[in-house]
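Residue strings, one per chain:
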Amino acid sequence: MRIPGFALVFLGLVGVMLFAPGAIAQSSPERLALKGYDTVAYFTEQRAMPGNAQFQHEWDGAIYWFASAKHLELFKADPDRYLPQYNNWCAASVSRGEKVHGNPEWWLITDRRLYLFGRPIGPGLMKSDPSMVNRADDNYSKVARLPAPPQPDYMRNTAKPQ
């Protein structure tokens, strides 16, 4: 049986439409959350751990990578438990009413909540000033409406799939 040329083109276009969105989601650095780090690992491994594109999940418009299927399932069961506070913005900056990208390598868990920071000094500042959380909580609704700052260099280089 011969398939006319236009039918092959049509089938090809349908295939692209079906499979391209997943490929775009996997490769779009703007949508990759936490620079590809596993948000569950902060809680289970007590360290920043690169995720793997093999274990990914889309949540609230972002793509999250996980180091294992177990971490992926934990996240799916309770995303709010594992998501960084202030939508990944630096907690110290939010407490000052500013918007700065958080770096997934500079972090702290306090009261079962994950906080990211834009500089390595951030976790120590929060440890020494517990009121920082209250100020950041108060400021977040205003800060969330601010325009996003330029993306720092470390955000341009995403984690490599393992």
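Reading the values: rules and limits
Note that residues are indexed from 1 along each chain, following the sequence as it is written. pLDDT decides what is reported in this predicted model: residues at 70 or higher carry local features, side-chain atom pairs at 80 or more are listed and counted, and totals for whole chains, interfaces and linings draw on all residues regardless. Only heavy atoms go into the side-chain values, all of them from the structure, while hydrogens and water stay out. Every residue is assigned a pLDDT by the predictor, reflecting its confidence on a scale from 0 to 100. By definition, residues are in contact when any of their heavy atoms lie within 4.5 Å. For helices the rule is a DSSP run of H or I covering at least 4 residues; for strands it is a run of E covering at least 2, with both sets numbered from the N terminus onward. Each residue's exposure class comes from its accessible area (1.4 Å probe, protein chains only) as a fraction of the maximum for that residue type: buried when under 20%, exposed when over 50%, partly exposed otherwise.

**Side note on the confidence of the model for the protein chain**
Part 1 of the argument: Averaged over all residues, the pLDDT of the protein chain is 85; the fraction at 70 or higher stands at 77%.
Part 2 of the argument: Across residues 13-27 the pLDDT falls below 50, and counting only partners more than four positions away or on other chains, this stretch makes 5 contacts in the model.

**A short note on unusual backbone geometry**
Part 1 of the argument: The phi dihedral of Leu34 is positive, around 55°, even though this residue is not glycine.
Part 2 of the argument: Within the secondary structure, Leu34 sits in the loop between α1 (5-27) and α2 (41-44).
Part 3 of the argument: Assessed through its relative accessible area of 5%, Leu34 is described here as buried.
Part 4 of the argument: Its identity is not glycine, yet Asp60 carries a phi of approximately 50°, on the positive side.

**Considering the environment of Arg96**
Part 1 of the argument: The topology assignment puts Arg96 in the loop between α5 (91-95) and β3 (103-110).
Part 2 of the argument: The spacing of Arg96 and Arg135 is 39 residues in sequence and 7.5 Å in space, taken between C-alpha atoms.

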